[in-house]
Number of protein chains: 2
Amino acid sequence: MISLNFKASLDFLGAPVYNAFLERSLKAFDTLVSGSGAGNDFLGWLNLPSDMLNSSILAEIEEVKERWYKMGVDTVVSIGIGGSYLGAAAAIKALSPSFHKEGTPEEPEVLFAGNNLSEDYLYELLEYIKEKNVGVVVISKSGTTTEPAVTFRILKSYMEQRYGLERAKELIVAITDARKGALKGLSEKMGYKTFVIPDNVGGRFSVLTPVGLLPIALAGFDIKRMLEGAADMQRACAIREADNGAIQYAAVRNALYSCGKKIEILANYNPKLQLFGEWWKQLYGESEGKEGKGIFPAAVSNTTDLHSMGQFIQQAERNLMEVVLNVREAEHTVTIESSKDDSDGLNYLAGRRVEEVNANAFEGTLMAHVDGLVPNTVIEIDHLDEYSLGELFYFFEFACGVSGYLLGVNPFDQPGVEFYKKNMFKLLGKPGYQK
Amino acid sequence: MISLNFKASLDFLGAPVYNAFLERSLKAFDTLVSGSGAGNDFLGWLNLPSDMLNSSILAEIEEVKERWYKMGVDTVVSIGIGGSYLGAAAAIKALSPSFHKEGTPEEPEVLFAGNNLSEDYLYELLEYIKEKNVGVVVISKSGTTTEPAVTFRILKSYMEQRYGLERAKELIVAITDARKGALKGLSEKMGYKTFVIPDNVGGRFSVLTPVGLLPIALAGFDIKRMLEGAADMQRACAIREADNGAIQYAAVRNALYSCGKKIEILANYNPKLQLFGEWWKQLYGESEGKEGKGIFPAAVSNTTDLHSMGQFIQQAERNLMEVVLNVREAEHTVTIESSKDDSDGLNYLAGRRVEEVNANAFEGTLMAHVDGLVPNTVIEIDHLDEYSLGELFYFFEFACGVSGYLLGVNPFDQPGVEFYKKNMFKLLGKPGYQK
């Protein structure tokens, strides 16, 4: 299991402060698990890991994988934005090699699109896939969200022209609403294989639905193992106790927020976790940033960013807290060798592994930041693998539900996302939105 | 030239507030250009664009390029951290295609290393370059900074074993101190071609020295054009007037900071600018984040992050301001076609370009954020090219110098970066740092 350490934050907070927030956190836990809070029609994610493991969905995903394998698909374009992009992207980045790997039918390359409106991005995508064997996954509850809809309209036309209507139909899979919406209607008409985005699971909580699972599986990773990690965490999070890590994390961060810590930084020490930070930012930012409230979520990849944001974190305004994500074991071995002249002065490291230096950078930074009055929560996993990612996804989701209720907001809506869209539709002259 | 628009911020601020800060900004400008402020031994970047254009460095860079071209180098590993990484990475990302392109001797792939301590990253780098023809650029003032030093020790040994001592010597270039330091000494001993990191240019201001220019040129981009853009901006920034954009930007952001805007978000509408955001974060975070002061720098890539951080920016705590970077023209054309059944409801966009939708997302978001009391500075360029990047690099550097002095800090030091290093050295038992 992942290990959690709140010591630095508990030392920072006076006991009465922490205890008061722990009480509130336990109450927020009750609100969450009893389904009595605002947004309670979006609690489907609570039981997703066990639900998914007991469903036919893993087998259905396997069927798509096999079909596309037989068809020689070596490149998958996954079209989606927000929660329909970040979870899968985070997991695939975490589990993939650091440098480019050519896609194969065994392990296709998964590309993400429909998550921006850059014309050059789309043009270059179409250029890139010219020589590839392409499958398309389109993910949208409604089918009318501008970014994925524009992208899918273009990709659909591309696939049909390139492969013909019949074959294109086999090479497109839609993940959408069970019953209604433009993409559901189109999928029925065209005969696409579809997966369901459950009504009671919001986008940022959807990584353990087919929204995340299908792209992750297509990339060659073990989604059953990921769900097992999540299911174990689901059981751990369900226990109403003061040492439930999710309850503690929610208490700590809100207590620190009440003491002026307005910004929370997710810090990793493994560059493969960079997009996990992006996933986490959406989860917490969108769940809590409303009604004039919310901790600003930011992310850094260390030790890279110790030479960028490090100065600020160490000595700027003391309105920061950290949640530090550490992976204990590397998967490969690189040892630092001795050098004859030791001109770089590194012989004191000879015979030691690079990851040992990284681990000491992690420890040394924690100490430095605590000295600099930046309190932290430390979360450690042994290996960066499917199981641990499942644990982390569920842990942060559950803690986010508790934390949002503790903060006094509905953690499951996102009313502010509509504002730019309305303006954009007006400017574009969309029917019904005229200026 | 880039265009700047401060209207939303000026509307937000009362005129007396802005005028007071404009006065201070003009004084800070005087401090900067007269060289009378703290850190004034690090002002070499002020005249870098014209200095570089008039030097032999472009020709020397061209020589390395030609030599490596003849040797068939298709993959360059650029080793550096912080300012010895971010500027080149930002420019190369901005100018490269969105998807992986195999390196060739004409346009080598530039990989970055030495910017973290991940053992798996290093292992996978060594695996990746096995089949490539490799050149190495190592960038370090001292040669003893842990991340690049560990990486270079391993890469040096790799190159010598693979290519032999003589050929490896030709395939390694060092960018380092003019006279002293471990890397300078080693380079002389080994006979590496070297470029100089000027003594009076700090890391985060070094993108227009060989630190940034060599990797950018090796990737196939026009560094002369970049310097020309920077030189034009150098001339524009040097004018002591109230409508000097750099002076205005420094005034606006400090005025807003004094009104409680604690976080500044650099927002782009082009995913190729994602690493430019990282470069900007180092520049401002490290220059200003000290003595308990400083605006927290964050970055978002839109429209991607409108479905992630968008909710927070629209409706959370009103402690945010934005600087929005917009590229007016796409380089390629993708037009949205009409569809017979219009199931996705996008026919109102038929015949229009994707970038037009993006431009309206940009406009619509600006309006929404202003309504949400998030003031902004808008910076626009026509094309994302070398010239514009040169302008942007110099503009932000100059404005940062002014802004730091206005804030009352030394914008050119980074004392806080040493804290984690000292702890790490103690933990690792480095000679001289025993516990």
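Attention in this report is confined to the structure presented alongside it.

**So, the interface of chain A and chain B**
In this assembly, 118 residues from chain A lie in contact with 118 residues from chain B. When the two sides are added together, the surface that chain A and chain B hide from each other amounts to roughly 10,300 Å², 61% of it contributed by carbon and sulfur. Sorting the residues of chain A by area buried against chain B places A:E119, A:R153 and A:H307 first, and these three jointly supply 9% of that buried surface. The tally of links between chain A and chain B comes to twelve salt bridges. The shortest N-O distance in the salt bridge between A:D344 and B:R153 comes to 2.6 Å. Applying the counting rule to chain A against chain B returns 55 residue pairs in polar contact (both at pLDDT 80 or more). Broken down by element, the residue count for the side of chain A that touches chain B peaks at twelve residues, all from helix 14 (residues 354-371) of chain A. Considered class by class, the residues forming the side of chain A that touches chain B number 51 nonpolar, 39 polar and 28 charged.

**Let's talk about the side chain of B:N115**
Tracing the sequence through the fold places B:N115 in the loop between strand 3 (109-113) and helix 6 (119-129). Excluding its chain neighbours within four sequence positions, the residues that come into contact with B:N115 are A:T303, A:T304, B:G80, B:I81, B:Y85 and B:Y121.

**Considerations on the relation of the copies chain A and chain B**
Relating one copy of the chain to the other requires a rotation about an axis plus a shift along that axis. It takes a turn of 180° to lay chain A on chain B, together with a shift of 0.0 Å along the axis; the resulting RMSD is 0.0 Å. Look at the turn and shift together and you get a two-fold axis relating the two. Interface overlap between copies: 100% of the residues of chain A at the interface are likewise at the interface in chain B, consistent with a symmetric, same-surface contact.

**Points about the pattern of salt bridges**
A complete count under the given rule lists 65 salt bridges over all chains for this structure. The partner of A:K141 in a salt bridge is A:D177, with the nearest N and O atoms 3.1 Å apart. One end of the pair, A:K141, is in the loop between strand 4 (134-139) and helix 7 (146-170); the other, A:D177, is in the loop between strand 5 (172-176) and helix 8 (182-190), and 36 residues separate them in sequence. Of the residues examined, A:K141 reaches a relative accessible area of 30% and is grouped as partly exposed. Overall, A:D177 belongs to the buried group, its relative accessible area being 3%. B:E264 is the salt-bridge partner of B:R253, the closest N and O atoms lying 2.8 Å from each other. With a gap of eleven residues between them, B:R253 in helix 11 (residues 245-258) and B:E264 in strand 7 (residues 263-268) connect regions that are remote in the sequence. Residue B:R253 is classed as buried on the basis of its relative accessible area of 1%. Three or more residues joined by partner-sharing salt bridges are found here, namely A:K141, A:D177, A:R179, A:K180 and A:D199.

What counts, and where the lines are drawn
Residues numbered from 1 in each chain as written. Chains lettered and ligands numbered in written order. Predicted model: local features only at pLDDT ≥ 70, side-chain atom pairs only at ≥ 80, totals over all residues. Heavy atoms only, no water. Contact = heavy atoms within 4.5 Å. Buried area = accessible area lost by both parts, 1.4 Å probe. Salt bridge = Lys/Arg side-chain N within 4 Å of Asp/Glu carboxyl O. Polar contact = N/O pair within 3.5 Å; in protein donor to acceptor, adjacent residues only side chain to side chain. Helix = DSSP H or I, 4+ residues; strand = E, 2+ residues; numbered from the N terminus. Nonpolar A, V, L, I, M, F, W, Y, C, P; charged D, E, K, R; others polar. Least-squares fit on C-alpha atoms with pLDDT ≥ 70 in both. Buried < 20%, exposed > 50% of the residue type's maximum accessible area, 1.4 Å probe, protein only.

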